[in-house]
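Secondary and tertiary structure notes
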Amino acid sequence: NKMKEQAENHTININTNRSKKIILWILIIFWMLLIFIFSSQNSEDSSNLSRGFLRNFILWFLPENIDENTVDFLEHILRKCAHMTEYAVLGILISIQLRLYHVFEAEWKKIWAAIFLVMLYAATDEFHQLFVGGRSGQVTDVLIDTCGGMAGAFIIYLIYKLKNLRKTENGGKK
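Figured I'd write up the structure that's included with this text. Computed from a prediction, not measured in an experiment: that's the story for all the values here.

A separate point is the nonpolar core. One finds Tyr 87, Leu 90 and Ile 94 to be the most contacted residues of the largest nonpolar core, which totals 18 residues. Taken together, the elements giving at least two residues each to this core come down to α1 (2-39), α3 (68-101), α4 (107-129) and α5 (139-169). For this core, the leading source of residues is α4, giving seven residues. When neighbours within four sequence positions are excluded, Leu 90 is seen to be in contact with Ile 28, Trp 31, Met 32, Ile 35, Val 118 and Tyr 121.

What follows is the structure, encoded as structure tokens:
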């Protein structure tokens, strides 16, 4: 009976793991498509989409007599932060997926693999923007996006580290 129970638990774990992998692949592909769609907008559409929201957001917090150059600068910074956040999410999703596949044993390899994959996607995204009206591919944007992916990979590393510490403190129980 005990062997049968262990076999059933093993089967449940395999099916749960397979489901998680499939869901994560769907989320990764969805997120990459979302980034691609945003990058496919010409510069005017992209600016109009974020400008109205960001400008109102900035002006809500700042005094009415703020210099227009300051507003433009803050808008630029917030747009770059949004890029980092997009790629942080991608870094999180890829990091989790790499862990589910047990691709690497060493933690640093898992982190660097996730960062490399995010950087690769960021580079292809910037290359894609070379063919979009009014857009240009920027190496600095690849670096900013990669930093976002790095942040996402480290967030997952820290979460798993804390989870393992708690597991160890509880004698191996979840």
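Next comes the rest of the description.
As a further point, take the environment of Leu 59. Locating Leu 59 in the fold gives a position in helix α2 (residues 43-61). We classify Leu 59 as partly exposed; its relative accessible area is 37%. The spatial distance from the C-alpha of Leu 59 to the C-alpha of Val 71 is 7.7 Å, given a sequence separation of twelve residues. Here Leu 59 is in contact with Ile 66 and Val 71, once residues within four sequence places are set aside.

Moving on, we come to the packing of α3 against α5. A pair of packed helices is captured by two measures, namely the crossing angle of their axes and the spacing between those axes. Orientation of α3 relative to α5, taken along the N-to-C sense of each, is 45°, at an axis distance of 6 Å. Classified by the interaxial angle, the pair formed by α3 and α5 is oblique. Here α3 runs over α5; the crossing is right-handed. Where α3 approaches α5, its residues Lys 80, His 83, Met 84, Tyr 87, Ala 88, Gly 91, Ile 92, Ser 95, Ile 96 and Arg 99 are matched on the opposing element by Asp 141, Ile 144, Asp 145, Cys 147, Gly 148, Gly 149, Gly 152, Ala 153, Ile 156, Tyr 157 and Tyr 160.

Moving on: the pattern of salt bridges. Under the counting rule described, the total for this entry stands at three salt bridges. A salt bridge links Asp 141 to Lys 80; the shortest N-O distance between them is 2.7 Å. In this pair, Asp 141 is assigned in helix α5 and Lys 80 in helix α3, connecting sequence segments 61 residues apart. In terms of burial, Asp 141 and Lys 80 fall into one category: buried. A salt bridge links Lys 110 to Glu 107, with the nearest nitrogen and oxygen atoms 3.4 Å apart. With a gap of three residues between them, Lys 110 and Glu 107 both fall in helix α4, about one helical turn apart. Looking at Lys 110, the relative accessible area reads 14%, which means it is buried. What you see here is one network of salt bridges that share partners, running through Arg 99, Glu 107 and Lys 110.

How each quantity is defined
- Residues numbered from 1 in each chain as written.
- Predicted model: local features only at pLDDT ≥ 70, side-chain atom pairs only at ≥ 80, totals over all residues.
- Heavy atoms only, no water.
- Core = buried A, V, L, I, M, F, W, Y, C linked by side-chain atoms within 4.5 Å.
- Buried < 20%, exposed > 50% of the residue type's maximum accessible area, 1.4 Å probe, protein only.
- Helix = DSSP H or I, 4+ residues; strand = E, 2+ residues; numbered from the N terminus.
- Contact = heavy atoms within 4.5 Å.
- Axes fitted to C-alpha atoms, helices over the stretch in contact; angles between N-to-C directions.
- Parallel < 35°, antiparallel > 145°, perpendicular 65-115°, else oblique.
- Left-handed = near helix turned anticlockwise from the far one by under 90°.
- Salt bridge = Lys/Arg side-chain N within 4 Å of Asp/Glu carboxyl O.

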